[in-house]
Every structure is written in structure tokens, then in C-alpha cells.
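# Examining the three-dimensional arrangement
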Amino acid sequence: MNFDKSSQIFYQGRWNEVISGQSFDDFNPANGERCAQIADANLEDVKLAIAAAANARLSWAGMAHTRRAGFLLQAADIMEQRKQDFVDALVEEGGSWIGKAIFETGYAIEALRTAAAMVFHMNGEIMPSEHGKLSMAVRQPLGVISVISPWNFPLLLSVRGFSVAMAIGNTIVLKPSEETPVAGGLLLAEVFEAAGLPDGVFNVVSCSRDHVAEVGDEMVSNPAVKGISFTGSTAIGKAIAAKAGGLLKKACVELGGKDALIILDDADIERAVNAATFGAFMHQGQICMSVERIIVDQAVAEEFTRRLVANVNTLGSGDPTSMGGVIGPLINEKQLKNVHAQVTDAVEKGATVLTGGKYQGLFYEPTVLADVNPSMKIYYEETFGPVVPVIIVADMEQAIEVANDSEYGLSAGIITRDEERGMEVARRLETGMAHINDSPVNDEAHVPFGGVKNSGMGRQNGKSSVEAFSELRWITLDRGGRQYPPPFNETAA
Ligand code: NAD
């Protein structure tokens, strides 16, 4: 992996030794080997990074739009030149299959370019006024934004978290996951350093699990921080949103999911099988929008399940650096244990393993389960692994009922040849997003991405990020039309 700053983090436009001098190991989940040594920041370090961001905020917000956009475009070009470094980091520390790493890097570059365009979308409005005033709603950046990102799509989700916020004039302190600090942040710092970004606009703080509570707490509670972008688990995201709410700070939290793929009785089965296989097993099911429940109409259940299992059995596993190793390792032992505990619990309570169910090292076989019912953990809990239950329902009504029987509400897929029915199901699902004739796994850099229920609060990408990370202010200009009650007026001399 092309990264060698083992005890430094990036703030105030330069690489700084962490105060404690401590570092932590960054492991390759495919082979268990250490792939990098990473600086372990603590409370004092993150305070300095936040102070750097606070100092930079006014000049950055005041800079000409095209210059601000120019830095993001320049960074995108540099990333393009360093594509291989990002791909290597995603594969080595993140356990990404190379195809996923190439996709993620390309998408992150495009997301930076899309964000650059958002400098021109800080739109307010001119409103009518009872008093003939010039009455304006004006958008302003918030100031310092803390961005906390996860390990599964570390590069893309860091970029999604900060890019629009930065483009519209906020300054950033980014904390990548301890599992993926290089792809999720430190390489991005090198990119923005090379792009000549003004000091303090973009700061990256890496830390180990030992320091994440104190660093994370400061990133929310420091008075200079005005907004938080968090992507990760529901438990941590809820705690962060609660803390931010108590301090009356804006927080946009993108959290877990238990997404359903609904297959109606008129579905194109080939489309259904492909959407299910991709949706459930891309990146070993470690995507917030992964298909975690396949809900299939009884009329097509037998054919669909048979063809799904046959297709899943063609998925190659092993070396993620090879195009054939599409099923890579899970990120760590904790995830592996959680995935296997859910499968074991389901089997003990009567589920049938149609394929998979075993593991070697951190490589878990792509697994399809039948006869899953609500008494099993896997029915309700997020799995975040390559395991999918097939749940058979009587009809469309029951499919909607089962899909909505979840504390989560991120995304969904509906496979049907009847677009009207597809739209009806989409409208009745309690999710932030729904995709007809596709898997739930979808994202584009300008769309309102986000969930309802325990899947999150707020929307990110494009205009949604502009709203999330700006303040709407009301400003008026009176031109003599405003009358006060006579007793308040100066009597004529
Ligand atoms: P996580 O919540 O464990 O970690 C996310 C980030 O929070 C990491 O950077 C971590 O270091 C940090 N963190 C941990 N404890 C913290 C604390 N006390 N204070 C502040 N920050 C803290 O999640 P993860 O395991 O990295 O990611 C997997 C989860 O993320 C899954 O639940 C998945 O569904 C969800 N996810 C959601 C989306 C989305 O857009 N909705 C996208 C990707 C992942």
C-alpha cells in the first residue's frame, strides 16, 4: 500500500506528529498481515485539527465559487492519476474485491466533480414582503463540519460525507474508520495537499478503537463544530444524533439497514435472480443497502429459489486482487462471529441452508437460507454479511407487510413486469429509497440518499447535502415602506 506516514495526521495544511507519538496496526483481512502503521490521535490532536478548520472557515467561505470548485476538480484529477493507490488500499485494508475497488475509486472521483458543481447551488429565494421590502432567504455554510465514516465503502462514504459540505464553504475534520484509515481519509489528505488546498480547509484525524470515544465525542461537542455527517451503525449514529441534538447542532446520520428485495408473481425471473445475487453478495453483503431479505411470491418461489442457488454457486471466492475472487473476506473477526451466530441461530430454530453456511479464515461462503421465521435473529437484525434468507409470501399485500415489518427503512427493490404495481409497492414501503426492477443497492452523487426509521435522519448527496450543511437565513432591506404604530414614531419637529 502506498502510504508511509505512520505517526502523522493531517491538519493546518501539513502532516503533524500525533502528540502521544502512538500508532496502531492496519490489517489486511484477506491474509491477516499488517499492511500499514497508522497514527493514533487522541483528544488533544483532534482539538488542534478542529481549531485549524475553525481558523480557515471564513476565508474559505468567502472565496470565489469557481476557485473553491477548482480545488475539488483539481483533487479529482489527482485522484485519477493516483487511482491505483486508492484501489490497492481498498483491497488491502478493506478486503474489497478488485472490481469493487475500481468501481468505488471511479465513483468517488465523479462524486468530487459533482460536488464541485454544487458551489452554484447555494440558492435562496426572494420572497414577497407586506412592507415592500427586499426580503431574502439566504444560504450560508455552517462552519466546521465533522465527518465520521465507516469501513465498508470507506473512500466513497468519506467523499460523500464531506465533498458537498466543503464545496459550499464549510471546512472539514474527517475521521475515517480505524479499519480503513488510508482509503477512507489519509490518502485523501495527500490528494488535497497536492491540490494546494488552503491550510485548514480539509483535516484528517485517524485514531484506534482505544481513542475513538474521546475523539468522536470532541468532534460532536467542540463548540467550533456546527454540523456532523455520520455514516455507520445505528447504535453509534443514534448516540451521535442525540448528543448533537442536545447541543442544537445539525446532524445527518446514515445508518444500518435490513433491505428487502420483493419479487412479485409476474417478475422476470432472470432479472430477479441477478438483482438478488448482486444485491445480497456484492462486497460480501457488507453494504448498508444489501439485500438482507428476499421476499418472493409463492407463485414463482420454487423457480426463483432454484435459479438463485445455482447462480450463487457460481460466485468465486478467494484472492480479492483477482477478478475471479468476487467474494472477499469479511472485515474482521467480530463481523464473522456475528454473521455465523445469526446463521447458527437460524439453523437451530429450523432454517434450511440451501447453499453456504461455512467459512475459512474471514472468508464466509455466500449463503442462502430457506424456512426463516420471525423467531430467528436473522429475520430482524442487520447481518452485514453474505447471507440472505428467502421468505415466501402469499401475495403482494403480504410482501409489503413483511417488508415493512422492520425497525429499519433504508432502501428496497421490487421486481415486477407491471410498472403500476411496482409504483404502488414503492409508495407503500416505509423506506427512504425504493427501486423498481432493480436491487436496493443504488446510489448516484446527486440524488437524495438516506433512510427512515432506524436507518437514519437527513439526506446526503447533491442538493440534499447543500440543505444539510448550510443555514437558511432571512435578510431584509427596507426602503421606507415599513410603518410603526404612531406612538413609536418621532413627533414632527
Ligand atoms: P460503526 O458505527 O462501528 O463505525 C462508523 C464510524 O464511527 C467509524 O469511523 C468508527 O470509528 C466511528 N465510531 C465508533 N465509535 C464511535 C464513537 N463512540 N463516537 C464517534 N465515532 C465513533 O459502523 P461500521 O462498522 O464502520 O459500519 C457498518 C455500519 O454502517 C452498518 O450498520 C451499515 O449498515 C452502516 N452503513 C450505513 C450506510 C448508509 O449510508 N446508510 C453506509 C455504509 C454503512
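Look a little higher up for the structure.
Computed from a prediction, not measured in an experiment: that's the story for all the values here. Numbers given for residues are sequential positions, taken from 1 along each chain in its written order. pLDDT decides what is reported in this predicted model: residues at 70 or higher carry local features, side-chain atom pairs at 80 or more are listed and counted, and totals for whole chains, interfaces and linings draw on all residues regardless. Hydrogens and waters are ignored; side-chain quantities use all the structure's heavy atoms.

### Some points on the overall build of the protein
Starting at the N terminus, helices and strands are each numbered in turn, a helix being any DSSP run of H or I of at least four residues and a strand any DSSP run of E of at least two. In terms of helices and strands, the protein carries 15 helices and 24 strands. Here the radius of gyration uses the C-alpha set of atoms, whereas the globule reference equals 2.2 Å times the residue count to the power 0.38. Taken over the C-alpha trace, the protein has a radius of gyration of 24 Å; the compact-globule value for 493 residues is 23 Å, and the two agree within 12%. In terms of overall dimensions, the protein has C-alpha extents of about 95 × 55 × 35 Å along its principal axes. Each of the 493 residues in the protein was classed as buried or not, and the buried ones make up 58%. Here the protein displays about 19800 Å² of accessible surface, and carbon together with sulfur accounts for 52% of that area. Within this scheme the basic residues Lys and Arg register as positive and the acidic residues Asp and Glu register as negative, but His and the chain ends are omitted. By convention, the charge on Lys lies at NZ, on Arg at CZ, on Asp at CG and on Glu at CD. Across the protein, the centroid of the 41 positively charged side chains sits 6 Å from that of the 62 negatively charged ones. Three exposure classes are used, based on accessible area relative to the maximum for each residue type with a 1.4 Å probe and protein chains only: buried under 20%, partly exposed in between, and exposed over 50%. For every accessible area listed, the method is Shrake-Rupley and the probe measures 1.4 Å; residues are considered covered only by the protein chains on display.

### Remarks on the site of the ligand
Throughout, the term near means that a residue has one or more heavy atoms lying within 4 Å of the molecule or strand in question. The environment of the ligand is made up of 29 residues, and the closest members are Ser-149, Arg-160, Glu-178, Ser-233 and Glu-382. Under this definition, polar contacts are N or O atom pairs within 3.5 Å; protein pairs additionally need one hydrogen-donor-capable and one acceptor-capable atom, and for neighbouring residues in sequence, both atoms have to be side-chain atoms. A distance of 2.8 Å separates an oxygen atom of the ligand from a polar side-chain atom of Lys-175. Backbone polar atom of Leu-255 to a nitrogen atom of the ligand: 2.7 Å apart, as the coordinates give it. Taken together, the elements giving at least two residues each to the shell around the ligand come down to helix H5 (154-167), helix H7 (212-221), strand S10 (225-231) and helix H8 (234-246). Looking at the shell around the ligand element by element, the count peaks at three residues for H7. Just so you know the grouping, Ala, Val, Leu, Ile, Met, Phe, Trp, Tyr, Cys and Pro go in nonpolar, Asp, Glu, Lys and Arg go in charged, and all remaining residues, Gly too, go in polar. In terms of residue class, the shell around the ligand is made up of 15 nonpolar, nine polar and five charged.

### Remarks on the pattern of salt bridges
We count a salt bridge whenever a side-chain nitrogen from Lys or Arg sits within 4 Å of a carboxyl oxygen from Asp or Glu. For the structure on display, the rule yields 24 salt bridges. Residues Arg-421 and Asp-265 are paired through a salt bridge, measuring 3.0 Å at the closest nitrogen-oxygen approach. In this pair, Arg-421 is assigned in helix H14 (residues 419-428) and Asp-265 in the loop between strand S12 (259-263) and helix H9 (269-281), connecting sequence segments 156 residues apart. With a relative accessible area of 37%, Asp-265 lands in the partly exposed category. In this structure, Glu-397 engages Arg-428 in a salt bridge whose closest nitrogen and oxygen atoms are separated by 2.8 Å. Remark: Arg-428 occurs in helix H14 and Glu-397 occurs in helix H13 (residues 396-404); sequence separation between them is 31 residues.

### Quick word on helix H11 (residues 333-348)
The span you would expect from a helix comes to 1.5 Å times its residue count less one. Look at H11: 22 Å from first C-alpha to last across 16 residues, which is about the 22 Å you get at 1.5 Å a residue. Looking at H11, one finds that the buried residues are Gln-335, Leu-336, Val-339, Gln-342, Val-343, Asp-345 and Ala-346. Two residues qualify as a contact provided that any one of their heavy atoms is within 4.5 Å of a heavy atom in the partner residue. Packing partners of the buried residues in H11 comprise strand S15 (359-360), strand S16 (363-364), strand S17 (367-370), helix H12 (377-380) and strand S18 (387-393). Between the side-chain oxygen at the start of H11 and the backbone nitrogen of Lys-334 there is a gap of 3.3 Å, and the oxygen is on Asn-332. Of the residues one or two after H11, Gly-350 is the one with positive phi, at around 115°.

### A look at the nonpolar core
Residues belong to a common nonpolar core when they are buried Ala, Val, Leu, Ile, Met, Phe, Trp, Tyr or Cys residues joined through side-chain atoms within 4.5 Å. In this structure, Phe-162, Met-166, Phe-202, Ile-263 and Phe-304 are the most contacted members of the largest nonpolar core, which totals 101 residues. If near-sequence neighbours (up to four positions away) are discounted, Met-166 is found in contact with Trp-60, Arg-68, Leu-72, Ile-172, Phe-192, Leu-197, Val-201 and Phe-202. Ala-351, Met-396, Ala-399 and Ala-403 belong to the second-largest nonpolar core, a separate cluster that totals 30 residues.

### So, the side chain of Glu-104
For Glu-104, the location among the structural elements is in helix H4 (residues 98-117). Owing to a relative accessible area of 0%, Glu-104 belongs among the buried residues under this scheme. Those residues in contact with Glu-104 that lie beyond four places of it in its chain are Leu-90, Asn-152, Phe-153, Pro-154, Leu-155 and Leu-156.

### With respect to the sheet that holds strand S5 (residues 125-127)
For two strands to be treated as a pair, DSSP must find no fewer than two bridges joining them. If you trace the three strands from one edge of the open sheet to the other, you get S5-S6-S24, paired in antiparallel fashion. Edge positions in the sheet fall to S5 and strand S24 (470-477), since each of these pairs with one other strand and no more. On average, each strand axis in the sheet is inclined to that of its neighbour by 25°, with strand direction left out of account. Examined bridge by bridge, strand S6 (residues 134-141) and S24 share eight bridges and lie antiparallel to one another. The residue bridging Gln-140 from the neighbouring strand is Glu-471, located in S24. Interaxial angles span 0 to 180 degrees and are taken between N-to-C directions of axes, which are lines fitted to C-alpha atoms, for helices over the stretch in contact.

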